[in-house]
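Each chain is listed here by its residues.
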Amino acid sequence: MMCAMPATKPSTDIASVHNGVDRALRIISFLSTRPNGVSLLEISTSTGIPKPSLHRTLSAMRERGFASQPEAGGLYLLGPAVLEAAFTFHAGLDLRRLLHPLAVAARDHFRQTCHVAVLDGAQVTYIDKVDADIGVRLTSVIGGRNPAHATGVGKALLAEALTDAASVHAWVTEFGPLDKRTRNTITTAPTLARALDEVRRKGWAIDDEESEDGLLCVATGVPLVFGAFSPRVAISVSGLREPWVRYGIERAGQELRDIVNEFEFGAHHP
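This part takes up the overall build of the chain. A tally of helices and strands in the chain yields 10 helices and eight strands. In the chain, which comprises 270 residues, the share counted as buried stands at 43%. In the chain, 59% of the contacts between residues at least 6 apart in sequence involve partners at least 24 apart. When the accessible surface of the chain is split by element, carbon and sulfur atoms take 56% of a total near 15300 Å².

So, about the nonpolar core. A general trend in soluble globular proteins is that nonpolar side chains are found buried together. Membership of the largest hydrophobic core comes to 28 residues, with the highest contact counts inside it found for Leu102, Val218, Val222, Val233, Ile235 and Val237. Looking at this core, the elements with two or more residues in it are α5 (95-110), β3 (113-120), β4 (123-130), β7 (215-222), β8 (233-240) and α10 (249-262). Sorting elements by how many residues they give to this core places α5 first, with eight residues. Judged by nonpolar contacts, the second largest core, of 25 residues, contains Val153, Ala205, Ala219 and Ala234.

We now examine the packing of aromatic side chains. Using the criterion set out here, one finds four aromatic pairs in the structure. Their ring planes at 55° and their centres at 5.7 Å tell us that phenylalanine 110 and tryptophan 244 sit as a pair that is tilted. Taken together, the residues phenylalanine 110 in helix α5 and tryptophan 244 in helix α9 (residues 241-247) connect sequence positions 134 residues apart. Taking the relative accessible area as the measure of exposure, tryptophan 244 reaches 1% and is therefore buried.

Relative to the assigned elements, threonine 163 resides in the loop between α6 (152-161) and α7 (165-175). With 34 residues separating them along the chain, threonine 163 and aspartate 197 place their C-alpha atoms 8.2 Å apart.

Another point: the pattern of salt bridges. The full count for this structure, using the stated rule, is 18 salt bridges. Ionic pairing is found between glutamate 42 and arginine 34, a salt bridge with its closest N-O pair at 3.4 Å. On the accessibility criterion, arginine 34 (31% relative accessible area) is partly exposed. Residue aspartate 197 pairs with arginine 200 through a salt bridge whose shortest N-O separation is 2.6 Å.

Rules behind the numbers
- Residues numbered from 1 in each chain as written.
- Predicted model: local features only at pLDDT ≥ 70, side-chain atom pairs only at ≥ 80, totals over all residues.
- Heavy atoms only, no water.
- Helix = DSSP H or I, 4+ residues; strand = E, 2+ residues; numbered from the N terminus.
- Buried < 20%, exposed > 50% of the residue type's maximum accessible area, 1.4 Å probe, protein only.
- Contact = heavy atoms within 4.5 Å.
- Areas by Shrake-Rupley, 256 points an atom, 1.4 Å probe, with all protein chains shown as cover.
- Core = buried A, V, L, I, M, F, W, Y, C linked by side-chain atoms within 4.5 Å.
- Phe/Tyr/Trp six-rings, centres within 6.5 Å; stacked < 30°, edge-to-face > 60°.
- Salt bridge = Lys/Arg side-chain N within 4 Å of Asp/Glu carboxyl O.

Right, dumping it as structure tokens:
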């Protein structure tokens with residue numbers, strides 16, 4: 001006599017878990033936009049989650065500290081567990097590890113040496129460097145510094161930090177006189193302001209023999225969504241000027257911008 005095996009529905013169970021996780025993430029995203037709290041009805045209306053499912057999900061989130069309801073029947077807020085997770089992550093954030101796959105991807109695409117840098121006053125500090133065989137040895141090192149006004153990464157970062165001519169003038173007044181590294185180095189506030197306007201218009205910057213003779217680099221900012229406490233970050237690819245000219249500087253700038261925009265942070269990259 002054949003015994004019937006109990007029916008199982010693994011695909012249904014997986015779908016149920018996926019839906020539950022999706023609901024919780026949608027709720028967290030929505031609550032993050034309502035720091036003064038929001039009603040159950042508004043959450044349901046805005047997220048499209050039916051009230052019965054929403055109530056169950058919020059109950060589980062409250063038990064875990066990912067949502068709070070200070071008054072019974074009152075408004076919902078993000079819970080302390082969300083903030084704790086965010087601040088713990090931020091405190092231990094290793095930008096070099098996070099951005100290294102992007103630096104490798106840029107190096108491999110252009111076959112030029114790649115730098116990742118942050119802005120520190122009038123200087124940039126290199127937090128990563130991925131070398132390429134470009135026929136010359138670059139003197140930059142991880143942890144090394146260079147004047148922001150004379151580098152591609154520096155101009156990419158300054159273009160985000162200094163949004164108009166007045167702020168550029170104030171920055172030059174504070175940190176000037178600007179060091180003239182080569183005959184091409186920008187050393188005046190009006191010239192720097194025009195250069196940064198161009199960076200903002202194009203979305204990328206260049207260092208055309210402004211830091212070292214014979215070298216050219218293309219750079220762009222890296223958008224990180226970790227809040228106002230995260231440092232501004234930029235990435236550049238550097239090499240001999242003549243090969244860059246043959247490749248096309250405009251082409252390189254747009255391609256670097258596209259590589260950054262299309263890169264999935266946290267994804268596995270071989």
